[in-house]
Amino acid sequence: MKRNIITVIIAIILSINYNHTQACTNFLVTKGASVTGSTFISYSADSHVLYGELYFRPAAQYPAGAMLKIYEWDTRKYLGEIAQASETYSVTGNMNEYALAIGETTYGGRHELAGSGIIDYGNLIYITLQRSRNAREAIKTICELLNAYGYASEGESFSISDPDEVWILELTGKGKDDKGAVWVAVRIPDGYVSGHANHPRITTFPLEGKKVKNSISSKNIDKIFNPEIEYVYSEDVISFARKAGYFNGTDAEFSFSDTYAPIDFGAARACEARVWSFFKQVNNEMWAYQDYALGHNLQHRMPLYIKPDKKLSLEDVKIAMRDHYEGTQMDMTTDIGAGAFKCPYRWRPMEFEFEGKKYVHERATATQQTGFWFIAEARSWLPKPIGGILWFAVDDASTSCLTPVYCGITEVPEVFATGNGDMLTYSDKSAFWLFNRVTNFVYSRYDIISQDVLKVQKAFESESEKLIDDVDKKANAAYATNPEDAIKIITEFSLQRAQEMFDRWKKLDIYLLVKYMDGNVKKEKDGKFERTENNYPASPNQPALPEFWKKKIVEDNGEILRIPD
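Residues numbered from 1 in each chain as written. Predicted model: local features only at pLDDT ≥ 70, side-chain atom pairs only at ≥ 80, totals over all residues. Heavy atoms only, no water.

A. The arrangement of the overall build of the protein in detail. The helix and strand tally for the protein stands at 13 helices and 24 strands. Since a compact globule built from 565 residues should have a radius of gyration of about 24 Å, the 25 Å found for the protein is in line with a globular shape. C-alpha extents for the protein along the principal axes are approximately 85 × 65 × 45 Å. The buried share of the protein, taken over its 565 residues, is 57%. Here the analysis covers contacts within the protein between residues at least 6 apart in sequence; of these, 70% occur between residues at least 24 apart. By element, 52% of the accessible surface of the protein is carried by carbon and sulfur atoms, the whole surface being about 24600 Å². (Helix = DSSP H or I, 4+ residues; strand = E, 2+ residues; numbered from the N terminus. Rg over C-alpha atoms; globule rule 2.2 N^0.38 Å. Buried < 20%, exposed > 50% of the residue type's maximum accessible area, 1.4 Å probe, protein only. Contact = heavy atoms within 4.5 Å. Areas by Shrake-Rupley, 256 points an atom, 1.4 Å probe, with all protein chains shown as cover.)

B. Seen up close, the environment of Phe254. Looking at where Phe254 falls in the secondary structure, it is placed in the loop between helix H4 (237-244) and helix H5 (256-260). Put simply, Phe254 and Phe205 are 49 residues apart on the chain and 7.9 Å apart in space, counted from C-alpha to C-alpha.

C. Region of the structure containing the nonpolar core. Ile160, Trp183, Tyr260 and Phe372 are the most contacted members of the largest nonpolar core, which totals 158 residues. The dominant element in this core, judged by the number of residues it contributes, is helix H12 (residues 483-516), at 11 residues. (Core = buried A, V, L, I, M, F, W, Y, C linked by side-chain atoms within 4.5 Å.)

D. Representation of the pattern of salt bridges. Scanning the model with the defined rule gives 32 salt bridges in all. Residues Asp164 and Lys31 are paired through a salt bridge, measuring 3.1 Å at the closest nitrogen-oxygen approach. A residue pair is termed long-range when its members are at least 10 positions apart, and Asp164 in the loop between strand E11 (155-161) and strand E12 (166-173) and Lys31 in the loop between strand E1 (25-29) and strand E2 (39-46) qualify at 133 residues. With relative accessibility at 45%, the residue Asp164 sits in the partly exposed group. Through salt bridges with shared partners, one network takes in Glu315, Lys318, Arg322, Lys458, Glu461 and Glu465. (Salt bridge = Lys/Arg side-chain N within 4 Å of Asp/Glu carboxyl O.)

E. Expanded view of the environment of Thr328. Here Thr328 lies in the loop between helix H8 (314-321) and strand E18 (351-354). C-alpha separation for the pair Thr328 and Ser277, spaced 51 residues apart in sequence, amounts to 8.6 Å. Filtering out sequence-adjacent residues up to four positions away, Thr328 remains in contact with Trp276, Lys280, Trp287 and Gln290.

F. Looking closely at the sheet that holds strand E22 (residues 403-406). Pairing within the open sheet is antiparallel, and its 7 strands lie in the order E17-E14-E1-E2-E20-E21-E22. Of all strands in the sheet, those bounded by a partner on one side alone are strand E17 (305-306) and E22. Two elements, E2 and strand E20 (residues 370-378), share 8 bridges in a ladder whose sense is antiparallel. Its bridge partner being in E20, Asp46 is matched across the sheet by Thr370. Relative to the sheet, helix H6 (residues 265-282) contacts E1, strand E14 (193-196) and E17, its axis offset from that of E14 by approximately 160°. Its contacts with the sheet put H8 on E1, E2, E20 and strand E21 (388-394), and the angle it makes with E2 is roughly 25°. (Pairing = 2+ DSSP bridges. Axes fitted to C-alpha atoms, helices over the stretch in contact; angles between N-to-C directions.)

Okay, here's the thing in structure tokens:
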């Protein structure tokens, strides 16, 4: 996400790569790497000014000559017009009715290459979803849009998934004098997983040729539907780099990442570390790359994709998205910055200076400034509108709750609807504001209060997964005879489930305030707050500070606070 343009400009001026690589995280799971045979991509849309809502663009038909006005997703700045497609598909959030999903992370890269075309990265996602039915078609659509209208953003990595395949596509603009873009796309081999988090991860790749069967350049983009094709790239991705003076090696040595966004400490520590944390959760050998994640050994690059030790479930992807580096040297719950209550969050800015030396706060996958996040699950054995589920949530991934939204629905839940509040307008009907109320209270005493939130989160999500099985069967049976009945079933379920989640969180909000008000912990018995025999509130518990925090207090101000012998 690049909503805060001022932050980006300041970062460029100061030449500090670390501070402006704080945005989104994507993890990618192929069908052969998942327990159920589903594909998954996850995406956290992180920005300090992004409001969490579920976008909805219904399917439509347009007359010849119709035009589409383009407003930059981040700033709402008008960029121009493009020709509208004669037919568009329904898109809910970042997934369309064909179970095609797209996520992104911004890496910026060489700032002089910021695009000057019409289509920014956000519109590139949503226009592509409206015009494509599978991942390969999406890549072709992206190529055609960029060629026709140019690119208007910085460097970007995209996750693209359908029920059968998962791809990663990375691109960057060509600067103010050329509205186009250079890019490369790689299909993640079945049985493998990948990830990206604000730094490009595609290095070298095979180039098309008579003896190369699995790679094509954009001049042969029509061949992308050949199932042998696993690599696609813009035909000038290398020649442009040579012309710009970024690369002078042989074509075979060309690395997209090293050329268009050379790795540095900030990119490793704030960005690649998140991918590493996911990788080491699913493949024990990836612990060997901790030196790279720490930014201490930049030559020890991680692979683009890895084979997990075992197949992953939806729950595994959730765990990865809720990570704070627990159990590593970067564990955000263990240093003094976590405070007495082990809060795994550090308020911005991420970099600070003390006595002439610079230091950093960690940037974990789960972060406070998330607008919305999702896990897109695509299941090939069901009709497309039923087979795609967008597990959707707003706010911090760690303490928010995912609810299932089928990709074929015809309306979105009111609690997520666009226009239901905004970042500066509170709405008591908005899930974003409700979750922020609860989560910001949790931050005050994280280790204690978060446990009550996680219980409700776990119960709701587990219940949803069980309910999905029954809804799948009913909708699938209806689809065979009357698809409209099936769409009605999945729409009603998605709306009802989101509202049920919202209602539970309202009760949780009240419960937490009553239980933890003023630093106390109210006693409970048989599911109710405890009262005396005279119906008076039982005296609350007042948990003592942990020993390590007492020590810090004494070291800081013990002489003043000490009680005389």
